[in-house]
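# A closer look at the structure
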Amino acid sequence: GAQEVLGQTFYFAYLKSCFRVQLFVGGTLERDKSDPNCSNKRFLKSTVFSKFDSINKVDNTVVFDVGPTGHSGTFRLQESQEVSSISQFRLLNFSKSTKEYTIELKVPQCSRSSCSITTISGSEYYLTLGSSCWRIQLWNKGTMEQGDSECSEAGFVSSGAVKSVLSSLNPAENTATFTGRINGTFEFDEDSTVNAPTAVVIDSDGPDFFVKVVLPSCS
């Protein structure tokens, strides 16, 4: 569903071009005119149509807001075993007057599974977000700190910038919530195809955030 594929990027071929859909804060729907079959290793952005806005868990859709070209719309996502690296695209509706679209996108079946927050409680993770390294500690009075060195246990140097303290763990949703100067929630998934903990900002509103963290292993 839409919640499971958040933080990921998908590609589909249409109108003799390759389109890229990014499902995270700052993500876009964009076009590469030089690659009609999405076969090139490098995506060369030529046009940005829309900007990622939100997800609707009720009807399993992803909403994109108006971009530079004035286009906006909705993606209906379906996971399929028949799809490999390039997603299958179907235009359900498009209004020339409003530039609004509805697109059905069959995407590769997700290799991720949710991490039990109970299993990973007591752990410590180093995450790259933007240009900074962050350390999050999943234990009582654990902190979220911003570092000033490489993003690993060996290289992390605390600058004394403790931004938040762990306030709760939610086993039902497998999330950890931090409060303080910055308030927000981390959700954890497991995916054996990643080599190190990877973080993607799903939602950000001022000092508040929602971040999905993908771990190589939950154990």
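Refer to the structure above for everything that follows.
Everything in this summary refers to the structure shown in the same document. (Residues numbered from 1 in each chain as written. Predicted model: local features only at pLDDT ≥ 70, side-chain atom pairs only at ≥ 80, totals over all residues. Heavy atoms only, no water.)

Now for the sheet that holds strand 6 (residues 72–80). In a beta sheet, neighbouring strands are held together by backbone hydrogen bonds and run either parallel or antiparallel to one another. Taking strand neighbours across the sheet as the criterion, the eight strands line up as 1-2-3-4-5-6-8-7 in an open arrangement whose pairing is mixed. The outermost strands of the open sheet, each flanked by one partner alone, are strand 1 (9–14) and strand 7 (88–95). In this sheet, neighbouring strand axes are inclined to one another by 25° on average, regardless of whether the strands run parallel or antiparallel. In the sheet, strand 2 (residues 17–22) pairs with strand 3 (residues 28–32) via four bridges, with the strands oriented antiparallel. Its bridge partner being in strand 3, V21 is matched across the sheet by L29. (Pairing = 2+ DSSP bridges. Helix = DSSP H or I, 4+ residues; strand = E, 2+ residues; numbered from the N terminus. Axes fitted to C-alpha atoms, helices over the stretch in contact; angles between N-to-C directions.)

Let us now look at the pairing of strand 14 (residues 175–180). Of the strand pairs in this sheet, strand 14 and strand 15 (residues 183–190) are connected by four bridges, and their pairing is antiparallel. Each residue of the ladder has a partner; that of T177, found in strand 15, is T185. Where strand 14 hands over to strand 15, the hairpin turn is made up of two residues, counted between the paired strands.

Turning our attention to the pairing of strand 4 (residues 47–56). Judged from the four bridges that link them, strand 3 and strand 4 form a sheet pairing that is antiparallel. Residue T28 lies in a different strand from strand 4, and its bridge partner there is K51. In the sheet, strand 4 pairs with strand 5 (residues 61–66) via six bridges, with the strands oriented antiparallel. Within the sheet, the bridge partner assigned to S54 lies in strand 5 and is V63. Two successive antiparallel strands, strand 4 and strand 5, enclose a turn made up of four residues, where N60 displays a positive phi of approximately 60°.

Further remarks concern the side chain of R31. Turning to its location among the elements, R31 is positioned in strand 3. The charged side chain of R31 is buried without a salt bridge, its nearest counter-charge being D32 at 8.2 Å. Side chain to side chain, R31 and S17 meet in a polar contact 2.9 Å long. Setting aside residues no more than four positions away along its own chain, R31 makes contact with L15, S17, C18, F19, F43, L44, K45, S46, T47 and F49. (Buried < 20%, exposed > 50% of the residue type's maximum accessible area, 1.4 Å probe, protein only. Lys, Arg positive; Asp, Glu negative; His and termini not counted. Salt bridge = Lys/Arg side-chain N within 4 Å of Asp/Glu carboxyl O. Polar contact = N/O pair within 3.5 Å; in protein donor to acceptor, adjacent residues only side chain to side chain. Contact = heavy atoms within 4.5 Å.)

Moving on, we get to the packing of aromatic side chains. For the structure shown, the criterion picks out 13 aromatic pairs. Both rings, one in Y14 and one in F89, keep their centres 4.3 Å apart while their planes meet at 45°; by these two values the pair is tilted. With Y14 in strand 1 and F89 in strand 7, this residue pair connects regions lying 75 residues apart in the sequence. In this structure an aromatic cluster arises from ring pairing among F12, Y14, F19, F49 and F89. (Phe/Tyr/Trp six-rings, centres within 6.5 Å; stacked < 30°, edge-to-face > 60°.)

With that out of the way, let us pick up the pattern of salt bridges. Counted by the stated rule, this structure contains five salt bridges. Of the charged contacts in the structure, one is a salt bridge between D189 and K212, with a shortest N-O distance of 3.0 Å. Taken together, the positions of D189 in strand 15 and K212 in strand 17 (residues 208–215) put the pair 23 residues apart, joining distant regions of the chain. With respect to burial, D189 and K212 carry one shared label: buried. A single salt-bridge network, built from bridges that share partners, covers E187, D189 and K212.

Let us now look at the state of the cysteines. As enumerated under the stated definition, the model contains three disulfides in all. Across the disulfide, C18 is cross-linked to C38 (sulfur-sulfur distance 2.2 Å). Where C18 bonds to C38 through sulfur, the torsion about that S-S bond is close to 105°, and the disulfide is right-handed. Placement of C18 in strand 2 and of C38 in the loop between strand 3 and strand 4 is noted, with a sequence separation of 20 residues between them. (Disulfide = S-S within 2.5 Å.)

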